Amino acid sequence: MKKILLAIPLFCISLHAFCWGFYAHKRINYYAVFLLPPEMMVLYKPHINFLSDHAVDPDKRRYALAAEGARHFIDIDYYGHYPFDSLPRHWKDAVSKYGEDSLRAHGIVPWWIGIMMLRLTNAFREKDQVKILKLSAEIGHYIADAHVPLHTCSNHNGQFTHQQGIHAFWESRVPELLAEKEWDFFIGKAVYISNPEQFMWDRVLESAKASDSVLYMERLLNKQFAPERKYAFEDRNGKLIKQYSTAYSVAYNNMLNNMIERRMRQSIFAVASCWYTAWVNAGQPDLTKLSNRTFTDEETKEFEKLDKLWKLGNIKGRDCE
Ligand SMILES: [Zn+2]
């Protein structure tokens with residue numbers, strides 16, 4: 001048995017890393033539905049499984065479209081020090097200062113969320129059910145990504161500090177282990193956001209501020225755990241996977257003082273509040289009277305194509321790992 005374990009290469013440390021992990025993204029969209037007012041619940045509740053399942057489409061699209069990757073992160077430390085005042089918050093001003101190619105190379109998540117907000121608001125105005133659901137599922141993904149500290153930091157997988165694997169550790173391993181059993185997702189109600197642009201930049205700055213602790217605490221913990229206690233082999237879908245051990249994961253969560261739970265709760269609140277804000281800004285259309293209620297064959301094929309390319313696993317652009 002020991003020989004078999006040793007033969008498993010270290011890069012099996014985690015499954016392929018996805019932003020927030022597929023599990024957490026799906027749960028964030030799912031829980032966000034329960035924060036909505038009854039006028040929105042009439043549409044969102046019956047489609048809760050669609051909103052949850054398609055929360056991960058933007059990550060799947062990274063296997064189909066090279067431009068997709070930049071929409072999931074911003075290496076804000078590239079622009080100096082907190083609060084990164086040298087970086088203009090408006091897209092046009094940022095483009096004039098840094099050029100579009102450079103901005104894309106360092107990630108554009110806050111600006112992309114702005115574009116998605118406009119698209120979702122328009123979908124509500126057009127009363128187009130298919131568009132509303134698809135855009136709601138997808139904006140939920142980008143908003144959640146902006147809440148992940150390592151999505152706002154160039155050392156996004158600890159690659160500069162010998163902490164490779166920390167990305168998936170924070171956003172996949174710990175939530176998968178603890179969210180269902182220990183974390184509280186009773187969050188209250190969605191609120192109207194009067195300035196969505198400012199709101200998202202505030203979330204990005206919170207993430208950026210937290211990224212140092214995310215990396216530093218793991219370095220501290222690493223000194224307290226011998227490698228054989230830090231990692232464990234676990235069966236996952238019939239495959240033996242080398243993982244951060246349960247003890248290490250729980251200790252990390254405690255050291256971070258439940259930061260991951262807090263960011264997940266804040267993601268849920270932000271997603272629901274952005275959905276609600278887009279609906280209000282569109283004039284609160286009656287969601288029981290929408291048009292275009294079913295996906296066309298073409299749209300269904302597009303979902304299948306995303307799935308297929310994702311399973312092939314050739315990512316275009318930057319990988320979280
Ligand atoms: Zn992502």
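How each quantity is defined
Residues numbered from 1 in each chain as written. Predicted model: local features only at pLDDT ≥ 70, side-chain atom pairs only at ≥ 80, totals over all residues. Heavy atoms only, no water. Core = buried A, V, L, I, M, F, W, Y, C linked by side-chain atoms within 4.5 Å. Buried < 20%, exposed > 50% of the residue type's maximum accessible area, 1.4 Å probe, protein only. Helix = DSSP H or I, 4+ residues; strand = E, 2+ residues; numbered from the N terminus. Contact = heavy atoms within 4.5 Å. pLDDT = per-residue confidence, 0-100. Salt bridge = Lys/Arg side-chain N within 4 Å of Asp/Glu carboxyl O.

1. Some remarks on the nonpolar core
So, point 1. Judged by nonpolar contacts, the single largest core of 87 residues is most densely connected at Tyr-44, Ile-76, Phe-124 and Trp-275.
So, point 2. For this core, the element with the highest residue contribution is helix α14 (residues 259-281), accounting for 12 residues.
So, point 3. Contacts of Ile-76, omitting those with residues within four sequence positions, involve Phe-84, Leu-87, Thr-152, Trp-201, Val-204, Leu-205 and Ala-208.

2. A few points about the confidence of the model for the chain
So, point 1. Looking at the chain as a whole, the pLDDT averages 92, with 93% of positions reaching at least 70.
So, point 2. Note that pLDDT drops below 50 for residues 1-17; the model gives that stretch 25 contacts with residues more than four away or on any other chain.

3. What about the pattern of salt bridges?
So, point 1. Applying the stated criterion across every chain, the model contains 15 salt bridges.
So, point 2. Linking Glu-68 and Arg-61 is a salt bridge whose minimum nitrogen-to-oxygen distance equals 3.7 Å. The two residues Glu-68 and Arg-61 agree in class, both being buried.
So, point 3. As a salt-bridge pair, Lys-289 and Asp-286 come within 3.4 Å of each other at their nearest N and O atoms.

4. Digging into the environment of Asp-212
So, point 1. Locating Asp-212 in the fold gives a position in helix α11 (residues 196-224).
So, point 2. The spatial distance from the C-alpha of Asp-212 to the C-alpha of Cys-153 is 8.9 Å, given a sequence separation of 59 residues.

5. Description of unusual backbone geometry
So, point 1. A cis amide bond, omega 0°, links Tyr-82 with the succeeding residue Pro-83.
So, point 2. Position of Pro-83 among the secondary structure elements: in the loop between α5 (57-61) and α6 (91-98).
So, point 3. The phi torsion at Asn-258 lies on the positive side, around 60°, for a residue other than glycine.

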